[in-house]
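# A look at the structure
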Amino acid sequence: LLWGVYVLLCALQALLLKWGGMSWFDAVCHSFATIATGGFSTRTDSIAAYRSPFIEYVVIVFMFLAGVNFALHYRFLTGALGAYRRDGEFRFYLFVFLAAGVTVSALVVGRPECAGWPAALRTGFFQTTSILTTTGFATADFDVWPQAARLVLVALMFFGGCAGSTGGGMKSIRV
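Now for a description of the structure that goes with this document. (Residues numbered from 1 in each chain as written. Predicted model: local features only at pLDDT ≥ 70, side-chain atom pairs only at ≥ 80, totals over all residues. Heavy atoms only, no water.)

### Observations regarding helix α1 (residues 2-19)
- With 18 residues, α1 ought to run about 26 Å at 1.5 Å a step, and its terminal C-alpha atoms sit 26 Å apart, in line with that.
- Restricting attention to buried positions, one finds in α1 the residues V5, Y6, L9, C10, Q13, A14 and L17. The buried residues of α1 all sit within an arc of 160° when viewed along its axis, so they share a single face. Opposite the buried face of α1, by more than 90 degrees, sit the exposed residues V7 and W19.
- Buried positions along α1 lie against α2 (24-35), α3 (53-66) and α4 (70-77).
- Following α1 by one or two positions, G21 adopts a phi angle in the positive range, close to 115°. (Helix = DSSP H or I, 4+ residues; strand = E, 2+ residues; numbered from the N terminus. Expected span 1.5 Å × (residues − 1). Buried < 20%, exposed > 50% of the residue type's maximum accessible area, 1.4 Å probe, protein only. Arc of directions from axis to C-beta. Contact = heavy atoms within 4.5 Å.)

Here is the structure:
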């Protein structure tokens with residue numbers, strides 16, 4: 001049943017990435033790499049190679065979903081619409097995701113690659129989600145970011161996704 005959730009997420013993401021301009025090959029490869037949180041890209045520049053905010057948003061959403069317990073996805077898909085809301089680990093994971101994303105975005109908003117809030121939010125949330133879920137995709141060189149932003153990203157490496165997800169780290173439930 002959990003494989004079914006995995007296949008559903010991969011198929012949905014591949015369709016959205018194809019719609020966003022990727023070839024079928026790239027869309028399928030990137031959806032496999034996103035949902036498995038492996039982060040392997042067909043391009044040297046990772047997701048940044050596509051220069052597409054739409055593709056970045058799609059990948060952010062699916063990296064986040066890959067970090068969630070797959071049993072929660074299954075329960076939601078089978079009619080337990082409040083499954084996410086009732087799960088303490090998911091609420092903690094969502095809080096960390098939002099707090100880290102907003103914090104990093106605020107710290108990089110003035111950088112040349114993040115001119116303005118829309119670009120800073122997209123870049124900040126992309127990098128925090130990629131590191132929180134241990135996916136490893138990149139759209140920016142965060143090594144040149146302020147030390148406070150890099151400190152948040154390093155802290156996220158320890159958190160990881162939820163138990164029962166494909167994300168790495170210690171898992172949110174243990175934190």
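### Digging into α2
- The first and last C-alpha atoms of α2 sit 16 Å apart over 12 residues, in line with the 16 Å expected at 1.5 Å per residue.
- Taken from the residues just after α2, T37 is the one with a positive phi, measuring 50°.

### A short note on the environment of Y57
- Checked against the element boundaries, Y57 lands in helix α3.
- Counting along the chain gives 44 residues from Y57 to Q13, while the straight-line C-alpha distance between them is 11 Å.
- Dropping the residues within four chain positions of it, Y57 is found in contact with P118 and R122.

### Details of the environment of F62
- In this structure, F62 sits in helix α3.
- In sequence terms F62 and T37 are 25 residues apart; their C-alpha atoms lie 9.5 Å from each other.

### Observations regarding the environment of A99
- Structurally, A99 is set in helix α6 (residues 88-108).
- With a relative accessible area of 29%, A99 lands in the partly exposed category.
- For the pair A99 and G168, spaced 69 residues apart in the sequence, the C-alpha separation amounts to 19 Å.

### Thoughts on the packing of aromatic side chains
- On inspection of all chains with the given rule, the structure shows 10 aromatic pairs.
- Between Y84 and F90, the aromatic rings sit 5.1 Å apart at their centres with planes inclined by 45°, giving tilted as the arrangement.
- Overall, the relative accessible area of 10% leaves F90 in the buried class.
- With centroids separated by 6.0 Å and ring planes inclined at 20°, the aromatic side chains of F92 and F159 adopt a geometry described as stacked. With F92 in helix α6 and F159 in helix α8 (residues 147-159), this residue pair connects regions lying 67 residues apart in the sequence.
- Owing to a relative accessible area of 29%, F92 belongs among the partly exposed residues under this scheme.
- Ring pairing ties together the aromatic residues F64, F76, Y84, F90, Y93, F97 and F125, which thus form one cluster. (Phe/Tyr/Trp six-rings, centres within 6.5 Å; stacked < 30°, edge-to-face > 60°.)

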